[in-house]
Amino acid sequence: MNPVANDDLEAPAEEPPAEPLTQYIQRLNQRVRAFDRRHPLLWDLHFTGFWVTAALIDYTSGGWRTLTHHPDTPGWLLLALSLGLSAPLLWRRTHPAAILLAMAPFALVNAWAGTALQAALLQLVAVYHVALRLPLRNLWWTTALVLTPVAVSTARSGEEGAWSQQIGSQLTSVVVVALIGITVRTRQNHTEALEDRARRLEIERDQQAQLATAAERARIAREMHDIIGHNLSVITGLADGGKYAAAKSPERAAQALDAIGTTSRQAMSELRRLLNVLRDDETSHHPAELTPQPTLTDLEQLISGVRAAGLPVHTTVEGRADLPAGRQLTVYRVIQEALTNTLKHAGPNTAAEITLAYGGQGAVTATITDTGTAGTGTPADGRGLPGMRERTALYGGTLEAGPRPHPEQGWRVHLHLPEETPQ
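Residues numbered from 1 in each chain as written. Predicted model: local features only at pLDDT ≥ 70, side-chain atom pairs only at ≥ 80, totals over all residues. Heavy atoms only, no water.

A. The arrangement of the overall build of the chain in detail. The number of helices and strands found in the chain is 12 helices and 5 strands. Out of the 423 residues in the chain, the part that is buried amounts to 35%. Intrachain contacts of the chain at a sequence separation of at least 6 include 70% that bridge at least 24 residues. Total accessible area computed for the chain in this model is approximately 26000 Å², and 59% of it derives from carbon and sulfur atoms. (Helix = DSSP H or I, 4+ residues; strand = E, 2+ residues; numbered from the N terminus. Buried < 20%, exposed > 50% of the residue type's maximum accessible area, 1.4 Å probe, protein only. Contact = heavy atoms within 4.5 Å. Areas by Shrake-Rupley, 256 points an atom, 1.4 Å probe, with all protein chains shown as cover.)

B. Fine view of the confidence of the model for the chain. Mean pLDDT over the chain stands at 78; residues scoring 70 or higher make up 79%. Considering each helix and strand of the chain separately, the mean pLDDT is smallest for helix 1 (residues 3-9), with a value of 42, and largest for strand 3 (residues 364-370), with 91. Of the regions scoring below 50 in pLDDT, residues 1-13 engages in 1 contact with residues more than four places distant in sequence or in other chains. Throughout residues 376-381 the model reports pLDDT below 50, and contacts reaching past four residues in sequence, or to other chains, amount to 13 contacts. (pLDDT = per-residue confidence, 0-100.)

C. The arrangement of the pattern of salt bridges in detail. Evaluation of the coordinates by the stated rule reveals 10 salt bridges. Taking the shortest distance from any N to any O, the salt bridge between Asp196 and Arg199 comes out at 3.6 Å. With Asp196 and Arg199 both in helix 8 (residues 162-248) and 3 residues apart, the pair spans about one turn of that helix. For Arg199, a relative accessible area of 46% puts it in the partly exposed group. Beyond isolated ion pairs, a larger network of salt bridges with shared partners links Asp44, Arg92 and Arg93. (Salt bridge = Lys/Arg side-chain N within 4 Å of Asp/Glu carboxyl O.)

D. Spotlight on the packing of helix 4 (residues 75-86) against helix 5 (residues 96-113). Two elements in contact, helix 4 and helix 5, have axes separated by 9 Å at closest approach and are oriented at 140 degrees. For the element pair helix 4 / helix 5, the angle class is oblique. By crossing handedness, the relation of helix 4 to helix 5 is classed as left-handed. Where helix 4 abuts helix 5, its residues Leu77, Ala80, Leu81, Gly84 and Leu85 lie against Met103, Phe106, Ala107, Val109, Asn110 and Ala113. Of the residues assigned to the contact of helix 4 with helix 5, the class counts are 9 nonpolar, 2 polar and no charged. (Axes fitted to C-alpha atoms, helices over the stretch in contact; angles between N-to-C directions. Parallel < 35°, antiparallel > 145°, perpendicular 65-115°, else oblique. Left-handed = near helix turned anticlockwise from the far one by under 90°. Nonpolar A, V, L, I, M, F, W, Y, C, P; charged D, E, K, R; others polar.)

E. A look at the packing of aromatic side chains. Under the definition given, this model contains 2 aromatic pairs. Ring geometry for Phe47 and Trp51: centres 6.5 Å apart, planes at 65 degrees, overall edge-to-face. Within this pair, Phe47 and its partner Trp51 are both found in helix 3 (residues 40-60), separated by 4 residues, close to a single helical turn. Since its relative accessible area comes to 23%, Phe47 is described here as partly exposed. Judged by relative accessible area, Trp51 falls into the partly exposed class, the value being 30%. Between the aromatic rings of Phe50 and Trp51, the centroid separation amounts to 5.0 Å while the plane-to-plane angle is 80 degrees, which identifies the pairing as edge-to-face. Among the aromatic residues, ring-to-ring pairing joins Phe47, Phe50 and Trp51 into one connected group. It is Arg92 that lies over the ring of Phe47; its NZ or CZ is 4.0 Å from the centre. (Phe/Tyr/Trp six-rings, centres within 6.5 Å; stacked < 30°, edge-to-face > 60°. Lys NZ or Arg CZ within 6 Å of the ring centre and 35° of its normal.)

F. Spotlight on the side chain of Thr369. By the secondary structure assignment, Thr369 is in strand 3. Those residues within four positions of Thr369 in sequence are excluded, and the remaining contacts are Ala351, Ala352, Glu353, Arg404, Trp411 and Arg412.

G. Structural view of the packing of helix 5 against helix 7 (residues 138-157). Relative orientation of the contacting elements helix 5 and helix 7 amounts to 5 degrees, with a least axis distance of 9 Å. Between helix 5 and helix 7, the interaxial angle falls into the category roughly parallel. Of the residues in helix 7, those touching helix 5 at Ala97, Leu100, Leu101, Ala104, Ala107, Leu108, Ala111 and Trp112 are Trp141, Thr142, Leu145, Val146, Thr148, Pro149, Val152, Ser153 and Arg156. Class assignment for the residues of the contact of helix 5 with helix 7 results in 13 nonpolar, 3 polar and 1 charged.

H. A look at a positive patch on the surface. There is a patch of like positive charges on the surface, built from Arg33, Arg37, Arg38 and Arg187. A total of 3 residues in the positive patch trace back to one element, the largest contributor, which is helix 2 (residues 20-38). Topologically, Arg38 is positioned in helix 2. Judged by its relative accessible area of 56%, Arg38 is exposed. (Patch = residues over 30% accessible without salt bridge, like charges linked within 9 Å, V, L, I, M, F, W, Y side chains within 5 Å. Lys, Arg positive; Asp, Glu negative; His and termini not counted. Charge placed at Lys NZ, Arg CZ, Asp CG, Glu CD.)

I. Quick look at the nonpolar core. Residues Val313, Val331, Ile335, Leu339, Ile354, Leu356 and Ile368 are the most contacted members of the largest nonpolar core, which totals 27 residues. Going through the elements one at a time, helix 10 (299-308), helix 11 (325-345), strand 2 (352-358), strand 3 and strand 5 (411-417) are the ones with two or more residues in this core. Counting residues per element, this core draws most heavily on helix 11, which supplies 6 residues. With 17 residues, the next largest nonpolar core counts Leu89, Ala107, Ala119 and Val177 among its residues. (Core = buried A, V, L, I, M, F, W, Y, C linked by side-chain atoms within 4.5 Å.)

Written out as structure tokens, the structure reads:
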């Protein structure tokens with residue numbers, strides 16, 4: 001055997017699993033984010049407390065003296081500036097623009113007094129949250145607001161050539177921080193869009209499953225109604241006829257009983273096939289008997305059963321039956337339902353007539369009339385007529401059912417399926 005062919009037939013190698021360190025970092029990140037969503041204030045207090053402590057350490061340890069232009073700045077002013085530039089960070093996520101405006105006076109005083117506290121850099125945290133949470137047009141005035149103290153400090157205490165160095169450095173920091181905020185914001189928006197799409201797809205999937213379940217239940221209900229309703233009506237007619245014939249003609253009564261047995265077995269066979277199809281394959285001990293649905297070739301057997309039940313039926317056919325299986329089933333079920341309703345509701349001494357007219361490209365017209373008392377052909381269970389309309393609507397057809405026009409009496413069902421639309 002060719003070894004190259006074996007290599008070609010091998011399944012593609014699966015992607016290697018993520019590194020343990022990467023998995024650990026991802027899990028840790030998810031836990032931190034989940035904790036932050038559950039307790040946002042606690043996280044904000046920790047974050048703000050860290051920077052307030054750092055600003056106070058810079059003040060108390062004298063570290064600020066290494067950069068200041070005025071070492072003799074009063075302590076109360078240093079304390080006020082340290083707190084004013086750090087404490088507002090507590091509201092950085094809810095009001096980023098407001099805290100930037102609140103920090104601006106302290107930053108200006110820090111620049112004007114020449115103290116050069118490092119806490120002024122905390123303005124960049126506010127810039128980051130402006131870029132993350134507010135419309136991007138706010139970055140214009142934010143940048144101007146952050147650069148103003150630098151310009152003031154350079155004008156008062158800067159050396160020659162410090163303008164381009166200090167302002168350029170601060171502008172670069174603002175741009176970098178804003179780009180980081182925009183990047184994180186874009187990623188969050190993308191993640192939210194993916195989550196929303198997944199959620200909508202899940203909802204749509206559940207809705208499609210519910211619609212499919214409802215459609216299948218309606219289809220099964222129609223099939224059960226057609227099978228049980230028709231066969232029981234035939235059995236009832238045969239039983240009534242057999243009862244009247246028992247006294248005068250035992251042979252006719254025996255024929256009626258034989259027809260009842262045949263119809264009952266046929267109904268049981270159809271129900272068994274339907275239930276076997278519905279049964280779960282794992283719990284079924286025998287495979288379902290999958291037989292074709294009734295077609296127009298089965299009409300003669302249907303009509304013979306109705307005639308045996310005591311309803312005379314006259315049939316007229318025009319054209320040649322050349323319909324798809326689905327259309328044949330629709331015509332069959334409509335005729336079956338119409339004859340069943342006649343058996344059940346039309347009363348004695350009633351006759352039925354079926355007229356079938358076949359056209360080209362799947363078009364067909366079926367008219368079923370009876371001579372019963374006007375109005376008695378209305379289905380009593382509320383399922384027959386809606387079921388016929390549902391079947392007809394699948395092929396864009398029309399179904400009319402109602403009493404025959406005066407002076408005629410009885411009931412009329414008229415079905416029309418138009419030509420098939422070319423695909």
